[in-house]
Amino acid sequence: MSDGKSTLITGIGELVTNDGAPDDGKPDDGKPGAFAAMNDAALVIAAGQVAWTGPAARAPAADTVVDAAGRAVLPGFADSHAHLVFAGERSEEFVARMAGRPYRAGGIQVTVEATRAASDAALRANLRRLVTEMLRQGTTTFECKSGYGLTVPDEARALKLAAEVTPEVTYLGAHVVPPEFAADPAGYVDLVCGPMLDACAPSARWVDVFCEDGAFGADEAAAILAAGQAAGLAARVHANQLGPGPGIRVAAEAGAASADHCTFLTDDDVDALVSTPVVATLLPGVEFSCRQPFPQARRLLDAGATVALATDCNPGSCFTSSMPFCIALAVREMRMTTQEAVWSATAGGARALRRTDIGHLSPGARADLIMLDAPSHAYLAYRPGVPQIAAVWQAGRLVAGMSPPAAAAAGP
Ligand SMILES: [Zn+2]
């Protein structure tokens, strides 16, 4: 299927294209558009891209034909927030938290110690295991942060490893202040903005900062984002996760692509997200795993903010890589409609990564798509916890699910 030949997927019960007219009134940042879907549809893949979509009855011929047999086809998930380069695990912390102890940002240090001590090979193996896990669950694009090294060589190493598996690489030297700088946090900010940035920028596309009590304050966060931007990186922010704070304002003022978490919102925060192109990325797996109140997705959506859903996959506050699980949480716990949740997990993630080639299935889009073992997108929330990804195509290549003999049918 990657040999330059075309593939027709026909008999699609529901084809989610996300190519509806933009309805958010925001400055046009290109595709994808609003949630849109058609029934009894077909789609042609050629040269790694979507070449045609339309009614199955009018589908053109192609070299290979796949019969979806009434199943749904969606854009692949775009997980715009993940921490995948780490060693060790923290299940005991989760167990303790479920027994009543609240999460504190300091738990990150446990993973920092394990990550610093790990070999490149061990980190790479863990990273690739997670990437495979994500792909099998329909995630065809993902962002990956550093943030568990917190020394110049350890952060640079994490980003080099991340760059092996995704173009969406994020420098998060400003995750927490490591203990060796406990008495000199300003000295750590200088390191993050100076030699560490110099070593990391060549491998990264994004700069991120954990703007929170116990991590980095507004002035520090603004300085870190500005330094990253001066080095050619684009900004994104961990904002308002553990309590009210300046993170969303800092993201808006920096022109960040996304403010992530948004669990605690003031009216000013909502205004900032509505009046700027900053995407509100919600990470409901974190609230599930930390037993916190869920973000107010309805408040954001009803005000007109652009909302993305992502996993925040990390060994501490949320160790899930499953976008379907996040969609189910968004629908059940945050009162998003099934259409909104699927849009936010696909097109929303694309917007949070400022990508126009993914998150939708209009002609010209990258052929990143998933076939569900179900007739509609709603099943992702309707049947929570059930594996329903029948097949995954990435840039037109069948990469997971459906075995080639079942996928292949008669060609010309
Ligand atoms: Zn995070």
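Residues numbered from 1 in each chain as written. Predicted model: local features only at pLDDT ≥ 70, side-chain atom pairs only at ≥ 80, totals over all residues. Heavy atoms only, no water.

**Q** Help me understand the overall build of the protein, please; the structure alone is not making it clear to me.
**A** Within the protein, the secondary structure is distributed over 15 helices and 16 strands. Taken against the 2.2 N^0.38 rule, which gives 22 Å for 412 residues, the C-alpha radius of gyration of the protein at 21 Å falls within 12% of a compact globule. Looking at the protein alone, contacts between residues at least 24 apart form 73% of all its contacts between residues at least 6 apart. Within the structure as shown, the protein displays about 15,400 Å² of accessible surface, and the carbon and sulfur contribution to it stands at 54%. Placing the 31 positive and 45 negative side-chain charges of the protein at their respective mean positions leaves the two points 5 Å apart. (Helix = DSSP H or I, 4+ residues; strand = E, 2+ residues; numbered from the N terminus. Rg over C-alpha atoms; globule rule 2.2 N^0.38 Å. Contact = heavy atoms within 4.5 Å. Areas by Shrake-Rupley, 256 points an atom, 1.4 Å probe, with all protein chains shown as cover. Lys, Arg positive; Asp, Glu negative; His and termini not counted. Charge placed at Lys NZ, Arg CZ, Asp CG, Glu CD.)

**Q** Where do I start with the coordination of the zinc ion in this structure?
**A** Under perfect tetrahedral coordination by four donors, a metal shows angles of 109.5 degrees; under perfect octahedral coordination by six donors, it shows angles of 90 or 180 degrees. H81 (NE2), H83 (NE2), H238 (NE2) and D312 (OD) make up the full set of protein donors to the zinc ion, lying at 2.0 to 2.4 Å. Taken together, the four donor atoms coordinating the zinc ion and their angles of 81 to 171° define a geometry best described as irregular. Donor residues for the zinc ion, ordered by position in the chain, follow H-x1-H-x154-H-x73-D. Taken together, the residues H238 in strand β10 (residues 234–239) and D312 in the loop between β13 (307–309) and α12 (323–334) connect sequence positions 74 residues apart. An identical accessibility class is assigned to H238 and D312; each is buried. (Donors = N, O, S within 2.8 Å, 3.2 Å for Na, K, Ca; no water. Tetrahedral: all angles 85-135°; square planar, octahedral: opposite > 155°, others 65-115°. Buried < 20%, exposed > 50% of the residue type's maximum accessible area, 1.4 Å probe, protein only.)

**Q** I keep staring at the environment of M334 and nothing clicks. Help me out?
**A** The residue M334 is located in helix α12 in this model. In this structure, the C-alpha to C-alpha distance between M334 and P295, residues 39 residues apart in sequence, is 7.0 Å. For M334, the residues in contact, after removing those within four places along its chain, are L282, P284, F294, P295, A297, R298, L309 and L329.

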